[in-house]
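# Structure assessment
Next come the chains, spelled out residue by residue.
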Protein chains: 2
Amino acid sequence: MEEKVIKAIQDVYPDDFAWCYGCGRLNEEGHHFRTGWLGEQTMTIFTPKPEHTALPGYVYGGMIASLIDCHGTGSAALALHKKNGQVIGDGSDAPRFVTASLKVDYLKPTPHGVPLKAVGTLQEIHPKKWKVETEVYANNHLCARGEVVAVVMPSTFLAKEEK
Amino acid sequence: MEEKVIKAIQDVYPDDFAWCYGCGRLNEEGHHFRTGWLGEQTMTIFTPKPEHTALPGYVYGGMIASLIDCHGTGSAALALHKKNGQVIGDGSDAPRFVTASLKVDYLKPTPHGVPLKAVGTLQEIHPKKWKVETEVYANNHLCARGEVVAVVMPSTFLAKEEK
């Protein structure tokens, strides 16, 4: 498997939607998760910071949930972007998804200090809704399994914006 | 409902287990979630930082998942501590739980800039395992619903510690 995401869908989110703490390229304090294709699957790679511990030596579960969350919305965006006949770098903006539900099973303690690799499998369940099954690996060991249902961002999000 | 947690279970986690990025009092970079009793339920209150955005004006879903996660393990620790006949402040250490599974349903966009209140309902499903149903409120509106299954921390966590 490739170990680096070259072209990420978050690179082509419209500026107004690129402020997510998890994956927004414009959020200076955020994690900057980046999600790209891995064949027919999707991939996000992230190395937690030293403070992202659960117990010493292990990764914080909330960080793993965050990774699965943004990997899910990013994967759904990749899928719809592709379905629309677009590719990253062709000048088109990516569609923006939000999370309807998130589920994480923590299968084993996740070791700290190594890159985490989230690999997603996509299923379209409605033209505006995708399910993303994700496996999170550390040192090639499966540590967590997640499921995100992501839906196209409702237009009300911008209407209610508090700037 | 009370709007401040006075006595939190995380205040009496043993020092070795107080480094969680979400709720560890010794993790200087962390969120410092604090969970206490609210009658027969449990409560955690947290105000996200400005950078914890999903889209501008709304709270990052991974932060809500993190809140539900640590609120779940904290609630389970409160329950077992109480079952053991102990109270916060009697000099006893709290038991430490880890998360087996986490589920979050995002019911509506969560407004940024106000305190979030997680309220948990406990169910013992095994002497070492609790299920915690959690509702997250902002401005008294229910924004997310979560479920955590928390288990007593296995002793292997310390044995494998990478310090």
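Going by the structure above, here's the rest.
To start, this report covers the structure provided alongside it.

So, how was this worked out
- Residues numbered from 1 in each chain as written.
- Chains lettered and ligands numbered in written order.
- Predicted model: local features only at pLDDT ≥ 70, side-chain atom pairs only at ≥ 80, totals over all residues.
- Heavy atoms only, no water.
- Helix = DSSP H or I, 4+ residues; strand = E, 2+ residues; numbered from the N terminus.
- Contact = heavy atoms within 4.5 Å.
- Buried area = accessible area lost by both parts, 1.4 Å probe.
- Salt bridge = Lys/Arg side-chain N within 4 Å of Asp/Glu carboxyl O.
- Pairing = 2+ DSSP bridges.
- Axes fitted to C-alpha atoms, helices over the stretch in contact; angles between N-to-C directions.
- Polar contact = N/O pair within 3.5 Å; in protein donor to acceptor, adjacent residues only side chain to side chain.
- Buried < 20%, exposed > 50% of the residue type's maximum accessible area, 1.4 Å probe, protein only.

## Some points on unusual backbone geometry
All names here are of chain A. With a phi close to 60°, His32 is a non-glycine residue in the positive phi region. Examined against the element boundaries, His32 turns out to sit in the segment before strand 1 (35–38). Backbone geometry at Asn140 places phi at a positive 65°, although glycine is not the residue there.

## Looking at the interface of chain A and chain B
The interface of chain A with chain B comprises 44 residues on the first partner and 44 residues on the second. Taken together, the two surfaces of chain A and chain B that pack against each other cover about 3400 Å², and 60% of this comes from carbon and sulfur. Three residues stand out in chain A for area buried against chain B, namely A:Tyr21, A:Leu55 and A:Tyr60, and they jointly supply 19% of the buried area on that side. Here chain A is connected to chain B by 0 salt bridges.

## A word on the sheet that holds strand 3 (residues 97–106) of chain B
As summarised here, the arrangement of the 12 strands in space is 1(A)-2(A)-4(A)-5(A)-6(A)-3(A)-3(B)-6(B)-5(B)-4(B)-2(B)-1(B), forming an open sheet in which the pairing is antiparallel. Both outer strands of the open sheet, strand 1 of chain A together with strand 1 (35–38) of chain B, are each paired with one neighbouring strand and no more. Averaged over neighbouring strand pairs, the angle between their axes works out to 25° when direction is ignored. Pairing between strand 5 (residues 129–138) of chain A and strand 6 (residues 141–152) of chain A: 10 bridges, direction antiparallel.

## Some remarks on the side chain of A:Gln10
Residue and element names in this part refer to chain A. You can see Gln10 is positioned in the segment before strand 1. Within polar-contact distance, the side chain of Gln10 engages the backbone nitrogen of Thr35 at 2.8 Å. Contact partners of Gln10, with chain neighbours within four places excluded, come to Cys23, Arg25, Phe33, Arg34, Thr35, Cys70 and Gly74.

## Some thoughts on the pattern of salt bridges
Scanning all chains against the criterion turns up 14 salt bridges over all chains. The salt bridge partner of A:Glu124 is A:Lys83, with a shortest N-O separation of 2.9 Å. Taken as a pair, A:Glu124 in strand 4 (residues 116–126) and A:Lys83 in helix 1 (residues 61–83) lie far apart in primary sequence, 41 residues in all. According to the relative accessible area criterion, A:Glu124 is partly exposed, its value standing at 39%. The partner of B:Glu40 in a salt bridge is B:Lys82, and the shortest N-O contact between them spans 3.8 Å. In this pair, B:Glu40 sits in the loop between strand 1 and strand 2 (41–46) while B:Lys82 sits in helix 1 (residues 61–83), placing the two residues 42 residues apart along the sequence. With relative accessibility at 64%, the residue B:Glu40 sits in the exposed group.

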